[in-house]
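Here is what each chain is made of, one letter per residue.
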Amino acid sequence: MNKTIKQATYEKWAKLAKKELGDKALSELHKNYGGLNIKPIYFAEDLPKNIISDMPSIPPFTRGIRASMYANRKWTIRQYAGFSTAKESNKFYKSCLEAGQKGLSVAFDLATHRGYDSDHERVKADVGKAGVAIDSVEDMKELFKGIDLSKISVSMTMNGAVIPTLAMFIVAANEQGIATENLAGTIQNDILKEFMVRNTYIYPPQPSMRIVGDIIAYMAEKMPKFNSISISGYHMHEAGASAIQELAFTLANGIEYVRVAQNRNLDIDNFAPRLSFFFAIGMNFFIEIAKLRAARKLWADIMEDLGALNPKAKMLRTHCQTSGVSLSEQDPYNNIVRTAFEALSAVLGGTQSLHTNSFDEAIALPSDFSARIARNTQLILQHETGVSDVVDPLAGSYFIENLTEQLVSKAGALIKEIEENGGMIKAVSDGSIKQQIEIEAALRQTRIDRGEDIIVGVNRYLLEEEEEEKLEIRKIDNEKVRKEQIAKLKQIKASRNQAKVDETLAALKECAAMNEGNLLSAALEAAKARATLGEISFAMEEIFTRFEMKNKIISGIFARQYKNDGQYLSLTKRIKQFQKNMGQKPAIFIAKMGQDGHDRGAKIIASAFVDLGFTVHFGALFETAKEVAEHVKQMRVDCVGVSSLSAGHRTLVPELIRQMKKLNMQNIPVIVGGVIPQDDYEFLYRAGVSEIFGPGTNILEAAFRVMDNIEGKLKNR
């Protein structure tokens, strides 16, 4: 249709719309979501060219990777879970399989992620929290006891300690009578995004990329049913990335992994069909649908450019998980509705497998009750809604097709920019990607705090008071779990052939040092000899070293967004007066203790407080309470803010307060923020915590309360 007719069509609609809008400007109907331009109406003229030729199962796979999609085979319900011990997790997995789940997805505890055995001093608050503790082959065997691994696919979210974890999984399966070549599933093995957002890395980028390559090579030869990598955009989304960023950065990471394999002379048409992806699904319903469609199209074109000829090598197959960031602590039953809409987006977008979050995950680990609702959400979608009867039911939608094309164009341009500037490894190493995501996260937070982005029950339509009914919260007795794990470790070490363990670990170190051989093959021998996860991980650490990220705090975002806000101006004035009276700015130390690497919330607070006029010291990740207390003493700060997301607060925060008292700093207020159950508030207050800020807390309100505490404590000094 020519431009004149297109313009006339739009003007006719605009005239009718304006009559209904009255004094409201037509431009107010236009939206911008992280660089995507959303118009209030779409016509046939907005469809991309050649849209009619797109077909499911035909490159570029925009409409889906299989001709019949869910009409023939439903997506896999793959709930991500791991609870404290292998025994408890095994019980949960069996109940899920009996209830209709078709695959398993293992969540490991943070000690395991970071390559520590449960008896290590640095992880005493992390064992069994936010996942299952795995120290040995015996733990792995118990995890899958009574589950036929030749019939069930297993997804493992593991990156930092991927070598020992995968080695123990293979050995456990072999000792249960299952051949390596019959194992099916996915190992995440996506280390680049760890340096960008999630932070459960162990080794520096270069040796970490060698590990990725060794796993791809091993599986290409010996595990034909197992996906050697799951390239993850999920954690970028959760850290605040826009849809364009999530797409571009994820696929750019994928390019680097393909090159790693090609540099080992692996045939792209043979290994690429075993690559998979993992995306988050947030609350912007149509953008999330279009995102998955755009991802398939972009990846098919990328793989063709990299030399793929096999259509299966060009397919982007993906697992999806509903967003954790979209869950609210306030009015938590709203989260059931949010998760259902997000799940529907993933399905309409064409995911291959799906995890639906439980409604209580903004508060604690999911209970059995909430996990059942999350699983049933998918069963209802599969059996009651009819959404699986038609392949790509939104194909041809003016809006969806235009949005898909926008994402393809804009994410493609960002990928090209990354490539022209030296590739993703360079961008990750210099921190530029991390900074781009943090800026987007800060902008999003200001929109929420100012009420521009409405979150029901959080910044609009609030309950007059929270209901008295208490949710059933899953609680992990961390101390009990750790004692059990330590006892098992002692038993294993007492019964094994230590000479054989030493021999295999020496061979692993030699493999790492000489840059020859396959690290997974060497680790398998160590696992068979009953070397522990920590021992295998530390053997490589002796050669590769342990990586430490340098933190940078972005500034200027909150100052720009709030420049004319009365509350913001009042607070900055108060802080300037404090500086005038005291001769220095109020200073806060923001701490991340334990092995939790998620730092979105802490970084947002740091950025906002810098703009408000605070002096902000951001501690290194993974510190102990003693290390934080020593920093606080040295820096002479006025307040300590602790960010907690992995349930370690009951151990770490009281220990920090004890360490501060030893150093005569009991008058410095300690503030805690993050995922903290209401049941723990009184415990923390009794321990000496001054303020607790849960998810959804308005940053300006938090800053006012921090100043109240600082000034109040100063009066009492």
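Everything numeric in this text was worked out from a predicted model, so none of it was measured.

Participant: Explain the overall build of the protein to me, using residue names and the numbers behind them.
Facilitator: Check the secondary structure of the protein and you find 27 helices and 17 strands. Its C-alpha atoms give the protein principal-axis dimensions of roughly 80 × 70 × 50 Å. Taken across its 717 residues, the protein has 59% of its residues classed as buried. About 29,700 Å² of surface is accessible on the protein, with carbon and sulfur atoms providing 50% of the total. Within the protein, one finds 91 positive and 89 negative side-chain charges whose respective centroids are separated by 2 Å.

Participant: Residue-level account of the pattern of salt bridges, with values.
Facilitator: Enumeration over the complete set of coordinates arrives at 41 salt bridges. Here Glu 484 and Lys 480 are joined by a salt bridge, their closest N and O atoms 2.8 Å apart. Here Glu 484 pairs with Lys 480, and both are found in helix α17 (residues 478-495), just four residues apart, close to one helical turn. With a relative accessible area of 48%, Lys 480 lands in the partly exposed category. Here Asp 680 makes a salt bridge to Arg 650, at a shortest N to O gap of 2.8 Å. Of this pair, Asp 680 sits in the loop between β16 (670-674) and α26 (681-687) while Arg 650 sits in helix α25 (residues 649-662); the two residues are 30 residues apart in sequence, bridging distant segments of the chain. One continuous salt-bridge network, built from bridges that share partners, spans Arg 63, Arg 293, Asp 392 and Glu 401.

Participant: Lay out the packing of helix α16 (residues 432-449) against helix α23 (residues 600-612) with the relevant residues and their values.
Facilitator: The contact between α16 and α23 brings their axes to 10 Å, and the two run at 75°. In terms of orientation, α16 lies roughly perpendicular with respect to α23. Contacts between α16 and α23 involve Lys 434, Glu 438, Ala 441, Arg 444 and Gln 445 from the first element and Arg 600, Lys 603 and Ile 604 from the second. Looking at the contact of α16 with α23 residue by residue, the classes come out as two nonpolar, one polar and five charged.

Participant: Account for a nonpolar patch on the surface, naming residues and giving values.
Facilitator: On the surface, Met 283, Val 337 and Phe 341 cluster together to form a nonpolar patch covering roughly 280 Å² of accessible area. Residue position: Met 283 is located in the loop between β10 (275-281) and α11 (285-305).

Participant: Go over the packing of aromatic side chains, please, and point to the residues and values.
Facilitator: The description of an aromatic ring pair rests on the distance of the ring centres and on the angle between the ring planes. This model, assessed by the stated rule, comprises 22 aromatic pairs. Measuring from ring centre to ring centre gives 5.4 Å for Tyr 10 and Trp 13, while their planes differ by 50°; the resulting arrangement is tilted. Here Trp 13 and Tyr 10 lie together in helix α1 (residues 3-21), a separation of three residues that amounts to about one turn. When its relative accessible area of 26% is taken as the criterion, Tyr 10 is described as partly exposed. Judged by centre distance (5.3 Å) and plane angle (10°), the rings of Phe 195 and Tyr 201 are stacked. Here the two residues Phe 195 and Tyr 201 agree in accessibility, since each one is buried.

Parameters and conventions
- Residues numbered from 1 in each chain as written.
- Predicted model: local features only at pLDDT ≥ 70, side-chain atom pairs only at ≥ 80, totals over all residues.
- Heavy atoms only, no water.
- Helix = DSSP H or I, 4+ residues; strand = E, 2+ residues; numbered from the N terminus.
- Buried < 20%, exposed > 50% of the residue type's maximum accessible area, 1.4 Å probe, protein only.
- Areas by Shrake-Rupley, 256 points an atom, 1.4 Å probe, with all protein chains shown as cover.
- Lys, Arg positive; Asp, Glu negative; His and termini not counted.
- Charge placed at Lys NZ, Arg CZ, Asp CG, Glu CD.
- Salt bridge = Lys/Arg side-chain N within 4 Å of Asp/Glu carboxyl O.
- Axes fitted to C-alpha atoms, helices over the stretch in contact; angles between N-to-C directions.
- Parallel < 35°, antiparallel > 145°, perpendicular 65-115°, else oblique.
- Contact = heavy atoms within 4.5 Å.
- Nonpolar A, V, L, I, M, F, W, Y, C, P; charged D, E, K, R; others polar.
- Patch = residues over 30% accessible without salt bridge, like charges linked within 9 Å, V, L, I, M, F, W, Y side chains within 5 Å.
- Phe/Tyr/Trp six-rings, centres within 6.5 Å; stacked < 30°, edge-to-face > 60°.

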